[in-house]
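Secondary and tertiary structure notes
If you want the building blocks of each chain, they are given just below.
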Amino acid sequence: MARVVCVHGIGQQHTGERELHGSWHPALSDGLIRAEAGFALDASDIQCVFYGDLFRPPGRTLAFNDPPLDASDVADGFETELLLAWWREAARTDEAVLAPDARTLARTPHVVQRALNSLSRSRFFAGIALRGLVLDLRQVRAYLCDPDLRAAVQQRVADVVTDRTRIVVGHSLGSVVAYEALCANPEWPVRALLTLGSPLGIRNLVFDRLHTGVDGTSGTWPGAVEQWTNLADEGDVVALVKDLRPLFGERVRCQVVHNGARAHDATRYLNTAEAGRAVADACEAD
């Protein structure tokens, strides 16, 4: 019966709802302190929706058991286009990353390999193994393109939201999940949506593939929420479009925050005063 429902993003297939709660609850509690909210949230006030297990191959229990993926495993179409979009954004925000159109002495047979090589040198993707990056691409594609998987993830959210829920928080791909869930359930008593490091504004790949309810159009306001706050770090490559207002309307409160070297980290978003204020505004009326 949580007041705050949190939805994780990509790359969480080896965690779980309790493990995520263990890091998200204290981070958000610190955000409330930064916001001078004047109240705290108990552990029971926050619940994490977990769907990472839907991407975890049966029988594999450790990360090193994942298949040895490389550039040849990046599929043409969606996965390649998203990879190149990340590459362009990384080059824009990180001087260590060579732009896609730059000429180099080192020649590689495929543009996908060039993209992976470049991103491996970026601050943003430095801690992610190549196979992890390929798996992240696959997870985004799977959610947006596999209707059965999408329905299963959406059901996980519906199972957690109750009459007591006041705000849904979505990080990374979880912001897409949260947005679609609210669009599909306008009867929910949720007052606010908080999106962190969101890819919702990426045209063609994400925005134009959204499921937004009865009318089926993109850019729909998410259900009955009164406030939508979107936080993005300038160096967050996943959040390619920092300002969502041109696509979703002027009511979206878009703010840029500074997360240091871990630009896409969920806890660094959650412990900001901006995140704390969004949650406080949604919950303090109770």
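Provided above is the structure to which this section pertains.
Here we summarise the structure given alongside this text. (Residues numbered from 1 in each chain as written. Predicted model: local features only at pLDDT ≥ 70, side-chain atom pairs only at ≥ 80, totals over all residues. Heavy atoms only, no water.)

1. Here's the deal with the packing of helix 1 (residues 17-34) against helix 9 (residues 273-283)
The N-to-C vectors of helix 1 and helix 9 enclose an angle of 90°; their axes lie 7 Å apart at closest approach. Taken together, the axes of helix 1 and helix 9 lie roughly perpendicular to each other. Mapping the contact onto sequence places L28, G31, L32 and R34 in helix 1 and A273, A275, G276, V279 and A280 in helix 9. Each residue belonging to the contact of helix 1 with helix 9 can be placed in one class, and the counts come to six nonpolar, two polar and one charged. (Axes fitted to C-alpha atoms, helices over the stretch in contact; angles between N-to-C directions. Helix = DSSP H or I, 4+ residues; strand = E, 2+ residues; numbered from the N terminus. Parallel < 35°, antiparallel > 145°, perpendicular 65-115°, else oblique. Contact = heavy atoms within 4.5 Å. Nonpolar A, V, L, I, M, F, W, Y, C, P; charged D, E, K, R; others polar.)

2. A closer look at the pairing of strand 2 (residues 46-49)
Here four bridges tie strand 1 (residues 4-7) to strand 2, and the two strands are oriented parallel to one another. Paired with V7 across the strands is V49, a residue of strand 2. Viewed along the sheet, the connection from strand 1 through helix 1 into strand 2 turns out right-handed. (Pairing = 2+ DSSP bridges. Right-handed = clockwise from strand over helix to strand, strands pointing away.)

3. Examining the pattern of salt bridges
In total, this model carries 14 salt bridges according to the counting rule given. Close ionic contact of R164 with D45 constitutes a salt bridge, the shortest N to O distance being 3.1 Å. Residue R164 is found in the loop between helix 5 (147-160) and strand 3 (167-171), and its partner D45 is found in the loop between helix 1 and strand 2; the two are separated by 119 residues along the sequence. By sharing partners, the salt bridges in this structure join E89, R92, E234 and K242 into a single network. (Salt bridge = Lys/Arg side-chain N within 4 Å of Asp/Glu carboxyl O.)

4. Some points on the pairing of strand 4 (residues 192-196)
In terms of burial, strand 4 is a largely internal element, five of the five residues being buried. Judged by which residues are buried, strand 4 turns out to be covered on both faces: A192, L194 and L196 on one side and L193 and T195 on the other are all buried. Pairing of strand 3 with strand 4 involves five bridges; the strand directions are parallel. If you follow H171 over to strand 4, its bridge partner there is L196. Handedness of the crossover is the feature at issue here: the chain leaves strand 3, passes through helix 6 (residues 173-184), returns alongside strand 4, and the resulting connection is right-handed. Of the pairings in the sheet, the one linking strand 4 to strand 5 (residues 227-233) comprises five bridges and is parallel in character. Across the sheet, L194 pairs through a bridge with T229, a residue of strand 5. (Buried < 20%, exposed > 50% of the residue type's maximum accessible area, 1.4 Å probe, protein only.)

5. Overview of the environment of H211
With respect to the helices, strands and loops of the structure, H211 is situated in the loop between strand 4 and strand 5. Separated by 35 residues in the primary sequence, H211 and V176 have C-alpha atoms spaced 9.4 Å apart. Apart from residues no more than four positions distant in its own chain, H211 is found in contact with R150, E180 and C183. Reaching out from H211, the side chain makes a polar contact with the side chain of R150 at a distance of 3.2 Å. (Polar contact = N/O pair within 3.5 Å; in protein donor to acceptor, adjacent residues only side chain to side chain.)

6. With respect to unusual backbone geometry
The phi torsion at S172 lies on the positive side, around 60°, for a residue other than glycine. Relative to the helices and strands, S172 is located in the loop between strand 3 and helix 6. Residue S172 is classed as buried on the basis of its relative accessible area of 2%. Although it is not a glycine, N204 adopts a positive phi angle of roughly 70°.

7. Overview of the packing of aromatic side chains
Within this structure, the stated rule accounts for six aromatic pairs. Note on Y179 and F248: the rings are 5.3 Å apart at their centroids and 75° apart in plane angle, and the pair reads as edge-to-face. Residue Y179 is located in helix 6, and its partner F248 is located in helix 7 (residues 245-248); the two are separated by 69 residues in the primary sequence. Exposure remark for Y179: the relative accessible area of 0% places this residue in the buried category. Through a chain of ring-to-ring contacts, three or more aromatic side chains come together here, namely Y179, F207, W221, W228 and F248. Sitting over the face of the ring of W221, R251 holds its NZ or CZ atom 3.9 Å from the ring centroid. (Phe/Tyr/Trp six-rings, centres within 6.5 Å; stacked < 30°, edge-to-face > 60°. Lys NZ or Arg CZ within 6 Å of the ring centre and 35° of its normal.)

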